[in-house]
Amino acid sequence: MKAEIIAVGTELLLGQIVDTNSAYMAQQLTTVGLDLHFKATVGDNLERLKNTLQTALRRSDFILLTGGLGPTLDDLTREAVAEVTGKKLIFHPYLNDQIENFFKRLGRSMSANNRKQAYIPEGAIPIENPVGTAPGFIVQISDGAVIAVPGVPHEMRYFMDQSVLPYLRRKMGIQEVIVSRVLKLFGLGESMVDERIKDLITAGENPTIGLLAHTQIGEIHIRLTAKAGQTDRAQELNARLENKIRERLEEYIFGTDDETYEGVTGSLLRQSHLRLAVAETAFGTSVIQTLKALDGSEQFLSLGLTLSNAEAAQKLLNLPGRIFQNQGLLGLEATKALAEGVRQLAGANLALGITGRAAKEKSEDHLIYMALARPQATEGFEQRWPHAMRYVENRMTKMALAQVRRFILESRNQEG
């Protein structure tokens, strides 16, 4: 059966917000065997939204809308679905009570326009919202349905996991269990990953393999999806294929499913009882912020310094001025000195030094230096990225944490 996603919101068309909802929904639809044939984005305009819905209903069995369920005048998804399906909007007092109680839990009063969110098309299946104010709904049509969920990402994910996917499984009479497993990689491009496992991708029927490049965070995700009569059997099928992939890509696989690179690195630091210090310039401050945001960071982050000039580095870290005479804070020697200085100041086991210069002209490259100071030695390197490359700060953060992760894993292997 065919599925279609409609993302609603003028801010999406203007590029003010990146549509991550459609990507997540598309990934989840594969777990119930639904083929996504179309995706559309439409602004907050009733006529255009109705036209988009009418087109979707002519060519798809299941239409999933995300967005346009808020309380304001430009939230028009309810109205569009009701008109296109020939139904009235009906007020549901218990949905209104749930919205009001949500505000009470936050210590706030519900404004009058929130009452609008308790209206859904007549005969629709309401989807309650315990994590926000906008209920969703399902309008069943023949063998398919129109499903509307909020546009707030964490609410949309809750709806998909708790209500939409279970409904689709029941509706489609799915007896098999579908289990997915995501392997997360950093340090190898999508084309190289594809090259190393293309025979497994081609041969894969159950489990199937899907590749997804996450440019913004610099990661490649490999999704394994298995079908079986029982969950254990599906997991076993995924595990067999995962072992084959790990034989070829183990050094680049840092985690699975919901794990993050920073979270995995933080866990390694805690488990190893190592303390880390960081000194970075203004171009690269996301490393300290990323580490500080991790649960239990006080167990491994000893000190984080953001330095904007060489004079401050000299005074705070007691470094000789000759190091900064030529390029100031920029350069491999200066970066190594920052790493060694902050390690000594913090009394840490490990320390990162990160300096760089953002490209200002198209003919320039982004220039980054990184160094890791450890008990026996300090190693550093230079990295360049084209002026047009986006999300450089995210890549810098992961590359810096990769030095720490590599050291810990190599130390474990030597001990073992």
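Notes on the structure follow.

Criteria and cut-off values
- Residues numbered from 1 in each chain as written.
- Predicted model: local features only at pLDDT ≥ 70, side-chain atom pairs only at ≥ 80, totals over all residues.
- Heavy atoms only, no water.
- Helix = DSSP H or I, 4+ residues; strand = E, 2+ residues; numbered from the N terminus.
- Buried < 20%, exposed > 50% of the residue type's maximum accessible area, 1.4 Å probe, protein only.
- Contact = heavy atoms within 4.5 Å.
- Areas by Shrake-Rupley, 256 points an atom, 1.4 Å probe, with all protein chains shown as cover.
- Lys, Arg positive; Asp, Glu negative; His and termini not counted.
- Charge placed at Lys NZ, Arg CZ, Asp CG, Glu CD.
- Pairing = 2+ DSSP bridges.
- Axes fitted to C-alpha atoms, helices over the stretch in contact; angles between N-to-C directions.
- Phe/Tyr/Trp six-rings, centres within 6.5 Å; stacked < 30°, edge-to-face > 60°.
- Salt bridge = Lys/Arg side-chain N within 4 Å of Asp/Glu carboxyl O.
- Parallel < 35°, antiparallel > 145°, perpendicular 65-115°, else oblique.
- Left-handed = near helix turned anticlockwise from the far one by under 90°.
- Nonpolar A, V, L, I, M, F, W, Y, C, P; charged D, E, K, R; others polar.
- Core = buried A, V, L, I, M, F, W, Y, C linked by side-chain atoms within 4.5 Å.

Each helix and strand in the protein was counted, giving 13 helices and 17 strands. Dimensions of the protein along its principal axes, counting C-alpha atoms only, are 80 × 50 × 45 Å. Within the span of the protein, comprising 416 residues, buried residues form 47% of the whole. Restricting to contacts in the protein with at least 6 residues of sequence separation, those with at least 24 account for 65%. Only carbon and sulfur atoms are counted for the fraction: they give 46% of the accessible area of the protein, which is about 20,600 Å². Within the protein, one finds 47 positive and 49 negative side-chain charges whose respective centroids are separated by 1 Å.

Another aspect to go through is the sheet that holds strand E13 (residues 276–281). Taken together, the five strands give an open sheet; going across it, the order is E14-E13-E15-E16-E17, and neighbouring strands pair in mixed fashion. The strands lining the two open edges of the sheet, one partner per strand, are strand E14 (301–307) and strand E17 (378–386). For this sheet the average axis-to-axis angle between neighbouring strands, irrespective of direction, equals 15°. As paired elements, E13 and E14 share six bridges and run parallel to each other. Bridging across to E14, Thr-281 finds its partner in Leu-307. The strands touched by helix H13 (residues 392–415) are E13, strand E15 (350–357), strand E16 (365–373) and E17; relative to E16, the strand with the most contacts, the crossing angle is about 20°.

Right, let's talk about the packing of aromatic side chains for a bit. Counted according to the given criterion, the structure contains four aromatic pairs. Ring centres of Phe-91 and Tyr-119 lie 5.1 Å apart, and the angle between their planes is 55°; this geometry places the pair in the tilted category. Taken as a pair, Phe-91 in strand E4 (residues 89–91) and Tyr-119 in strand E5 (residues 119–121) lie far apart in primary sequence, 28 residues in all. Ring centres of Phe-102 and Phe-103 lie 6.3 Å apart, and the angle between their planes is 85°; on these two criteria the pair is classed as edge-to-face.

What follows covers the pattern of salt bridges. Think of it this way: side chains of opposite charge can pair up when their charged atoms draw near. In total, this model carries 16 salt bridges according to the counting rule given. Where Glu-379 meets Arg-374, a salt bridge forms, and the shortest distance between an N and an O atom there is 3.3 Å. Residue class for Glu-379 comes out partly exposed when judged on its relative accessible area of 49%. Connected via shared salt-bridge partners are Arg-181, Glu-242, Arg-246, Glu-250 and Asp-257.

In this structure, Pro-207 follows Asn-206 across a cis peptide bond, with omega equal to 10°. In the Ramachandran plot, Asp-257 falls in the positive-phi region, its phi being about 50° despite a non-glycine side chain. Looking at the secondary structure, you find Asp-257 in the loop between strand E12 (253–256) and helix H9 (261–272). We classify Asp-257 as partly exposed; its relative accessible area is 31%. Phi is positive for Asn-318, which is not a glycine, with a value near 55°.

For the pair helix H2 (residues 20–29) and helix H6 (residues 153–171), interaxial distance at closest approach is 11 Å and the crossing angle is 25°. On the basis of the axis angle, H2 is roughly parallel to H6. The element H2 and its partner H6 pack so that their crossing is right-handed. Contact residues: Asn-21, Tyr-24, Met-25, Gln-28 and Leu-29 in H2; Pro-153, Met-156, Arg-157, Met-160, Asp-161, Leu-165 and Leu-168 in H6. The residue makeup of the contact of H2 with H6, split by class, is eight nonpolar, two polar and two charged.

This part covers the nonpolar core. Within the largest apolar cluster, 31 residues are counted, with the highest numbers of intra-cluster contacts made by Leu-276, Val-278, Leu-291, Leu-352, Ile-354 and Val-404. The set of elements that each furnish at least two residues to this core consists of H9, E13, helix H10 (286–292), E15, E16 and H13. Per element, the largest residue contribution to this core is nine residues, and it comes from H13. With 23 residues, the next largest nonpolar core counts Val-42, Ala-118, Ile-120 and Phe-137 among its residues.

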